[in-house]
Amino acid sequence: MSTSDILRVEDLRIRYEKGRSIWGIPRYGDVVHGVSFSVKQGETFGLVGESGSGKSTIGKAILRQIPVIGGTITFDGQRITDWPDGQTPLSYRRAVQVVFQSPRLSLNARMLARDTVAEAVAFHLGYKGSQLDGHVAQLFDDVGLPRHFGERYPDELSGGQQQRVAIARALACDPKLVICDEAVSALDVSTQAQVIALLRRLQQERGLSYVFISHDLGVVRNLCHSVGVLQHGRFTDLGSTQSVFERPKSQYTRDLLSAIPRVPGKAA
Ligand SMILES: Nc1ncnc2c1ncn2[C@@H]1O[C@H](COP(=O)(O)OP(=O)(O)OP(=O)(O)O)[C@@H](O)[C@H]1O
Ligand SMILES: [Mg+2]
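Calculation notes
Residues numbered from 1 in each chain as written. Chains lettered and ligands numbered in written order. Predicted model: local features only at pLDDT ≥ 70, side-chain atom pairs only at ≥ 80, totals over all residues. Heavy atoms only, no water. Phe/Tyr/Trp six-rings, centres within 6.5 Å; stacked < 30°, edge-to-face > 60°. Helix = DSSP H or I, 4+ residues; strand = E, 2+ residues; numbered from the N terminus. Buried < 20%, exposed > 50% of the residue type's maximum accessible area, 1.4 Å probe, protein only. Salt bridge = Lys/Arg side-chain N within 4 Å of Asp/Glu carboxyl O. 1 Å grid on protein atoms, 1.4 Å probe; cavity = no way out; pocket = protein on both sides within 12 Å on 5 of 7 lines; lining within 4 Å. Points joined across faces, edges and corners; volume = space filled by probe spheres on them. Core = buried A, V, L, I, M, F, W, Y, C linked by side-chain atoms within 4.5 Å. Contact = heavy atoms within 4.5 Å. Near = heavy atom within 4 Å. Polar contact = N/O pair within 3.5 Å; in protein donor to acceptor, adjacent residues only side chain to side chain. Areas by Shrake-Rupley, 256 points an atom, 1.4 Å probe, with all protein chains shown as cover. Pairing = 2+ DSSP bridges.

A. Molecular detail of the packing of aromatic side chains. Taken as a whole and assessed by the stated rule, the structure comprises five aromatic pairs. A centroid spacing of 6.4 Å and a plane angle of 70° characterise the contact between Phe45 and Phe235, whose relative ring orientation is edge-to-face. Here the residue Phe45 occupies a position in strand S3 (residues 44-49), and Phe235 occupies one in strand S10 (residues 234-240), the gap between them amounting to 190 residues. Taking the relative accessible area as the measure of exposure, Phe45 reaches 1% and is therefore buried. Ring centres 5.3 Å apart and planes at 80° place the aromatic pair Trp83 and Tyr92 in the edge-to-face group. For the residue pair Trp83 and Tyr92, the accessibility class agrees, reading buried in each case.

B. Expanded view of the pattern of salt bridges. Counted according to the given criterion, the structure contains 13 salt bridges. Between Arg15 and Asp30 there is a salt bridge; the shortest N-O distance is 2.8 Å. Taken as a pair, Arg15 in strand S1 (residues 5-20) and Asp30 in strand S2 (residues 26-40) lie far apart in primary sequence, 15 residues in all. Owing to a relative accessible area of 35%, Arg15 belongs among the partly exposed residues under this scheme. Linking Asp133 and Arg114 is a salt bridge whose minimum nitrogen-to-oxygen distance equals 2.4 Å. Here the residue Asp133 occupies a position in helix H5 (residues 129-142), and Arg114 occupies one in helix H4 (residues 113-125), the gap between them amounting to 19 residues. The network of salt bridges with shared partners includes Asp5, Arg8, Glu10 and Lys40.

C. View of the layout of surface pockets. Empty space within the largest pocket amounts to approximately 400 Å³. Along the walls of the largest pocket sit 20 residues, with Leu63, Arg93, Val96, Gln97 and Val98 positioned nearest its centre. Going through the elements one at a time, helix H2 (90-95), strand S6 (96-99), H4 and helix H6 (159-171) are the ones with two or more residues in the lining of the largest pocket.

D. Up close: the nonpolar core. Counting 48 residues, the largest nonpolar core has Val117, Ile167 and Phe212 as its most contacted members. If you tally residues by element for this core, the top one is H6, at six residues. Ignoring any residue separated from it by four or fewer positions in sequence, one finds Val117 in contact with Val136, Leu139, Phe140, Val165, Ala168, Arg169 and Ala172.

E. View of unusual backbone geometry. Even without being glycine, Arg64 reaches a positive phi, approximately 65°. With respect to the element layout, Arg64 can be found in the loop between helix H1 (55-62) and strand S4 (70-75). By relative accessible area, which is 17% here, Arg64 ends up buried. Phi is positive for Asp174, which is not a glycine, with a value near 55°.

F. A look at the site of ligand 1. Surrounding ligand 1, one finds Tyr16, Glu17, Val31, Glu50, Ser51, Gly52, Ser53, Gly54, Lys55, Ser56 and Thr57. A distance of 2.9 Å separates an oxygen atom of ligand 1 from a polar atom in the side chain of Ser56. About the coverage of ligand 1: the protein hides 61% of its 640 Å² of free accessible area. Breaking the shell around ligand 1 down by element, the ones donating at least two residues are S1 and H1. With three residues, the top contributor of residues to the shell around ligand 1 is H1.

G. Structural view of the sheet that holds S1. With antiparallel pairing, the four strands of this open sheet are ordered in space as S2-S1-S4-S5. The sheet is open, and its two edges are formed by S2 and strand S5 (78-79), each paired on a single side. Alignment of S1 against S2, held across eleven bridges, turns out to be antiparallel. From the neighbouring strand, Asp5 faces S2, where its bridge partner is Lys40.

If you want it as structure tokens, here you go:
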């Protein structure tokens, strides 16, 4: 493990129960077959591949939401796969956060945007009163959301504004790694570019690392330092974004690349 790796995944294997036989014996389906990659501190690793290839499953394993059947995940020098299932230290739950595709589903519709962020700050940092208010206001500033938007409910915000609230909530506990699972996929192209610019700025300011899950190769090329192309739970290509995009090894990656209508340039 290089000292600059914040996350290292080695030979990861994951299976789901796919129902039971008439005798009640569980049947399993393997969905991740020995995947290895690493993410450097302050960099973005892109996880791309067709629907059902196992991208979110790998994200869930890093978040310790599902068990793994083999391999290791090492975060910041700690082998997290050695921890018993269901026992995840709070320090890890703070250090690794997630932002999903649909902020409408991940935000509580009955909670003001401000309270959504305040709840996370109060839980993780224990702040109260003016210290809490000040920290929440700072987080709104950090994600480029005018403070008065805090007095709105999710339905009163645009998709991009909702995603900024979700990012502010994820940042509340000062994480080191954020899993972005299709975090910009539901946004229109110009809002997508703004949120990507925000993610990049936050990375520079905070030294954040991202695992950026996406089916959009144009976005991945724009944002990611390295990339793994997943098909049926195996990497068909893995390496620096430049090498994978310019010299793809597999026909599958070449086919995916040829399906991109036009690769956008670096968005501001
Ligand atoms: N809880 C579950 N139980 C059983 N099988 C599951 C479960 N979750 C996912 N799967 C299966 O595992 C495989 C990988 O699913 P996963 O959600 O990781 O794909 P994905 O690459 O994120 O796809 P998408 O781009 O559509 O989000 C799929 O075949 C899916 O049907
Ligand atoms: Mg998914």
